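Listed below are the residues making up each chain.
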Amino acid sequence: MNVSSLLKAPGKTLSFEVFPPKTDAAFATVRLATELIAALRPAYMSVTYGAGGSGSAATLQVAEHLIRDLKVPVVAHLTCVGASFASIDRQLAEMEQAGVENILALRGDLPQGYDHQCADFTHACDLIAYVRERVDWSIGGACYPEVHPESASQREDLASLRRKVEAGCDYLVSQMFFDNNIYYNFLYKAREAGIYVPIVPGIMPITRASQIGRAVQLSGTNVPGRFRQIVDAFGQSPAAMEQAGIAYATEQIVDLLANGVEHVHVYSMNKPQVARAILHNVQELLK
Ligand code: FAD
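Draft legend 1. The nonpolar core, seen in detail. Membership of the largest hydrophobic core comes to 65 residues, with the highest contact counts inside it found for Leu14 and Val100. Discounting residues that sit within four places of it in the chain, Val100 has contacts with Leu60, Ala63, Ile67, Ala76, Met95 and Trp137. If you look at the next biggest cluster of nonpolar residues, it comprises 26 residues, including Ala43, Tyr171, Ile212 and Phe227.

Written out as structure tokens, the structure reads:
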């Protein structure tokens, strides 16, 4: 199943991101979580790359199980920071063997003191162009409604994003945001900048108070006062915070669908109960 064709065809979709195990010991737990999420029959699932230095093997193991055994379309993430042309060739061959035909091509976060001068790839657009020449897969890329932390301005960020699309990126998936107006404004500016591929909003259900600090630290995401109030009121109770986080994410998705957005990607954080509740809350809206 070609995910970019799915995103360009009529119809609404909900999809889920999962992450591979960080250690061998966690493999069984992650496998069960991904199986339970797959059983919800999402439009597709994406599998992140590089969790805790796990590299491509863990991503591929999860992706192959989803594709071959559970028959779910998969987008495998692939990063190029520190990669050589030869290592990407090797990974593409392994992906092909695992049945992968959709990737999300990323640069990855730069390790401290990273030296671009000795790298085969500098930006995600280099990886996208390289992969585009070698395989006929759907290729997605990342985008940042609140501007990538390394970019000096949104204008500069959008110019880079346009290069990514020109390099052969079929669609974009956004960084999380907690205020839909930020996404709508970004969509408008991206179109104005000549970026016409589908831009799928990424929704992160915050179900633990500690997730908020990490989300802000990683991505500089703006946390609206309304959401901070929810975390202040319910953050101490795991059950209450999970319910509130699901309700908030549901509200965001309902608003997106009501405003004509057709495809939403949910960062499931490997929590089947969260994925199930969100799907249940919006399934009539997806018809
Ligand atoms: P790039 O597109 O290369 O952008 C990085 C910076 O360089 C930006 O400031 C951009 O504006 C600038 N830039 C880009 N191209 C150019 C150019 N040609 N000239 C000048 N400047 C340029 N990380 C992981 O390690 N594993 C994952 O699985 C993963 N999944 C993700 C999924 C999504 C949906 C998102 C939004 C992020 C994900 N990340 C993941 C995080 C991502 O790797 C980081 O945000 C990283 O810092 C940037 O990756 P990128 O692909 O957006 O890089």
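Anyway, onward from the coordinates.
Draft legend 2. Seen up close, the sheet that holds strand 7 (residues 199-203). In space, the eight strands of this closed barrel follow the order 1-2-3-4-5-6-7-8, with parallel pairing throughout. Strand-to-strand twist of the sheet, defined as the mean angle between neighbouring strand axes without regard to direction, takes the value 30°. Where strand 1 (residues 13-18) lies against strand 8 (residues 263-267), five bridges are found, and the strand directions are parallel. Considered in strand 8, the bridge of Phe16 is made with Val266. Sheet strands touched by helix 11 (residues 272-282): strand 1 and strand 8. Its angle to strand 1, the strand with the most contacts, is close to 170°.

Draft legend 3. Examining the pairing of strand 6 (residues 171-176) more closely. Counting buried positions over the six residues of strand 6 gives five, a clear majority of the element. Note that strand 5 (residues 138-143) and strand 6 share four bridges and pair parallel. Its bridge partner being in strand 6, Gly140 is matched across the sheet by Tyr171. In this fold, strand 5 hands off to helix 6 (residues 154-166), which returns the chain to strand 6; that crossover is right-handed. Examined bridge by bridge, strand 6 and strand 7 share three bridges and lie parallel to one another. Within strand 7, the position partnered with Val173 by the bridge is Val200. Each parallel crossover has a hand, and for strand 6 linked through helix 7 (residues 180-192) to strand 7 it is right-handed.

How each quantity is defined
Residues numbered from 1 in each chain as written. Predicted model: local features only at pLDDT ≥ 70, side-chain atom pairs only at ≥ 80, totals over all residues. Heavy atoms only, no water. Core = buried A, V, L, I, M, F, W, Y, C linked by side-chain atoms within 4.5 Å. Buried < 20%, exposed > 50% of the residue type's maximum accessible area, 1.4 Å probe, protein only. Contact = heavy atoms within 4.5 Å. Pairing = 2+ DSSP bridges. Helix = DSSP H or I, 4+ residues; strand = E, 2+ residues; numbered from the N terminus. Axes fitted to C-alpha atoms, helices over the stretch in contact; angles between N-to-C directions. Right-handed = clockwise from strand over helix to strand, strands pointing away.

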